[in-house]
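Given next are the chains, with one letter for each unit.
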Amino acid sequence: MSKKYQIIGLLFLVGLTVTCASSGYNKGQFNLYSIDDEKRMGKEFADQLLSEYRKRGRVYDDPQTNQYINNLGQYLASKSPENKFDYHFYVLKLKGVNAFAVPGGYVFVFTGLINYSQNEAELAGVMAHEIGHIVSRHGTEQMSAQLAASVASSILVAGVALGGGNANLAQLALNVASTGTFLSYSRKDESEADGIGAKTLYHAGYHPEGMVNFFDRLSKKVGDMSDLEVWLSTHPDPGDREKHIKDIIKEEGSTEGLKWDSKEFKAVKGKVSRIKYPNQGKNKKTK
Ligand SMILES: [Zn+2]
């Protein structure tokens with residue numbers, strides 16, 4: 001996402017209550033937003049995003065797929081280390097191999113991701129990784145850091161003077177909908193989300209190697225590059241990513257008897273694989 005839109009996003013958030021995470025998973029992390037701020041802001045932004053995607057005909061309304069993704073997502077969220085948020089899962093009819101998390105408990109899954117996953121453990125691995133970003137509050141942490149860095153800048157002052165919080169939010173939603181990317185996180189955040197994801201996956205009874213296999217195929221760029229591009233553009237590929245996940249698997253214990261797949265996944269994947277995608281136009285990072 002371009003700097004400009006990140007700043008617009010931040011402008012919208014100026015004026016929210018200033019608080020610090022004082023307890024729980026993110027204890028000690030610098031975060032200007034309270035859990036309630038994050039829930040409220042997340043809902044508003046997720047609603048805007050949905051309406052943008054709906055305008056573009058990209059919301060995948062198939063009841064079977066939505067129910068499946070919601071059941072899987074809620075189950076995974078219930079096995080994540082902390083549950084500060086209510087979770088909401090949405091399916092977007094987009095060919096790119098991607099999913100993203102909006103702070104406050106909103107996860108968007110692309111049909112392209114379902115289609116690229118070879119089994120349920122792989123899909124669950126990516127969803128658990130996105131849940132990891134939410135649990136860790138990476139979105140509002142990043143926004144807080146950027147806000148602190150830019151608070152004295154004239155851009156911010158000028159932006160505040162222009163006002164129009166909702167207009168800015170709508171612009172941000174439009175930008176996300178047209179590029180297919182939300183925030184890019186640091187390697188440290190990605191690694192933390194991998195760690196939480198792998199543990200969540202394990203405790204949900206899935207083989208965490210599903211996550212390893214998925215990232216392995218991505219890093220080897222197996223598949224149509226234009227479909228992989230969105231994920232790769234927002235997820236730098238740390239060399240030790242797979243090793244990190246494998247280390248966590250070792251720590252957690254035996255992987256015997258863990259689940260790889262389900263007939264529900266196969267049915268949904270079969271359906272999704274038959275989607276005819278309209279011309280998506282450019283679905284690239286704007287930078
Ligand atoms: Zn990530």
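What counts and how
- Residues numbered from 1 in each chain as written.
- Predicted model: local features only at pLDDT ≥ 70, side-chain atom pairs only at ≥ 80, totals over all residues.
- Heavy atoms only, no water.
- Helix = DSSP H or I, 4+ residues; strand = E, 2+ residues; numbered from the N terminus.
- Expected span 1.5 Å × (residues − 1).
- Buried < 20%, exposed > 50% of the residue type's maximum accessible area, 1.4 Å probe, protein only.
- Polar contact = N/O pair within 3.5 Å; in protein donor to acceptor, adjacent residues only side chain to side chain.
- Pairing = 2+ DSSP bridges.
- Axes fitted to C-alpha atoms, helices over the stretch in contact; angles between N-to-C directions.
- Salt bridge = Lys/Arg side-chain N within 4 Å of Asp/Glu carboxyl O.
- Contact = heavy atoms within 4.5 Å.
- Phe/Tyr/Trp six-rings, centres within 6.5 Å; stacked < 30°, edge-to-face > 60°.

Now for helix H5 (residues 120-135). The end-to-end C-alpha distance of H5, which contains 16 residues, comes to 22 Å, matching closely the 22 Å that a straight helix rising 1.5 Å per residue would cover. Of all the 16 residues making up H5, 16 are buried; the element is thus mostly covered by neighbouring parts of the structure. Capping of H5 at its N-terminal end is provided by Asn 119; its side-chain oxygen lies 3.2 Å from the backbone amide nitrogen of Ala 121. Phi turns positive, to about 55°, at Arg 137, one or two residues after H5.

This brings us to the sheet that holds strand E1 (residues 88-92). Taken in spatial order, the 3 strands of this open sheet run E1-E3-E2, and their pairing is mixed. Only two strands of the sheet have a single partner each, and these edge strands are E1 and strand E2 (99-102). Looking at each pair of strands side by side, their axes are set apart by 20° on average, direction ignored. Two elements, E1 and strand E3 (residues 106-110), share 5 bridges in a ladder whose sense is parallel. Opposite Val 91, over in E3, you have Val 109 as the bridge partner.

All right, on to the pattern of salt bridges then. Scanning the entire structure with this criterion turns up 17 salt bridges. Among the ionic pairs, Glu 38 bridges to Arg 137, the shortest N-O distance being 2.7 Å. One end of the pair, Glu 38, is in helix H2 (residues 35-55); the other, Arg 137, is in the loop between H5 and helix H6 (138-150), and 99 residues separate them in sequence. Its relative accessible area of 1% is what places Glu 38 among the buried residues. With relative accessibility at 4%, the residue Arg 137 sits in the buried group. Between Arg 241 and Asp 194 there is a salt bridge, and its shortest N-O distance comes to 2.7 Å. One end of the pair, Arg 241, is in helix H12 (residues 241-252); the other, Asp 194, is in helix H9 (residues 187-203), with 47 residues separating them in the sequence. What makes Asp 194 buried here is its relative accessible area of 2%. One connected set of salt bridges, linked through shared partners, spans Glu 52, Lys 55 and Arg 56.

In terms of residue burial, E3 counts as a mostly covered element, since 5 of its 5 residues are buried. In sequence, E2 turns back onto E3 through a hairpin of 3 residues, with Gly 104 there showing a positive phi of about 95°.

Before going further, it helps to examine the side chain of Arg 241. Judged by its relative accessible area of 3%, Arg 241 is buried. A polar contact of 2.7 Å, which involves the side chain of Arg 241, links it to the side chain of Asp 194.

What follows deals with unusual backbone geometry. Positive phi is not limited to glycine here, since Arg 137 has a value of about 55°. Within the chain, Lys 221 stands out as a residue other than glycine whose phi angle is a positive 55°. The residue Lys 221 is located in the loop between helix H10 (209-219) and helix H11 (225-234) in this model. Residue classification places Lys 221 among the partly exposed positions, given a relative accessible area of 45%.

Assignment of secondary structure puts Thr 111 in helix H4 (residues 111-116). Here Thr 111 falls in the buried class, since its relative accessible area comes to 0%. Of the polar contacts made by the side chain of Thr 111, one reaches the backbone oxygen of Leu 94; its length is 3.1 Å. In this structure, Thr 111 is in contact with Tyr 60, Val 91, Leu 92, Lys 93, Leu 94, Val 272, Ile 275 and Tyr 277, ignoring residues within four places of it in sequence.

Our next topic: the packing of aromatic side chains. All chains considered together, the criterion is met by 7 aromatic pairs. Each ring, one from Tyr 53 and one from Phe 108, has its centre 6.5 Å from the other, and the planes form 40°; the classification is tilted. With Tyr 53 in helix H2 and Phe 108 in strand E3, this pair connects stretches of sequence that are 55 residues apart. Among the residues examined, Tyr 53 registers a relative accessible area of 0% and is labelled buried. Given the relative accessible area of 0%, Phe 108 is considered buried. Pairing Phe 100 with Phe 108 gives two aromatic rings, centres 5.1 Å apart and planes at 20°, and the pair type is stacked.

The next subject is the environment of Pro 208. Relative to the assigned elements, Pro 208 resides in the loop between H9 and H10. Setting aside anything within four residues of it in sequence, one finds Pro 208 in contact with Ala 198, Leu 201, Tyr 202, Ile 245, Ile 249, Thr 255 and Leu 258.

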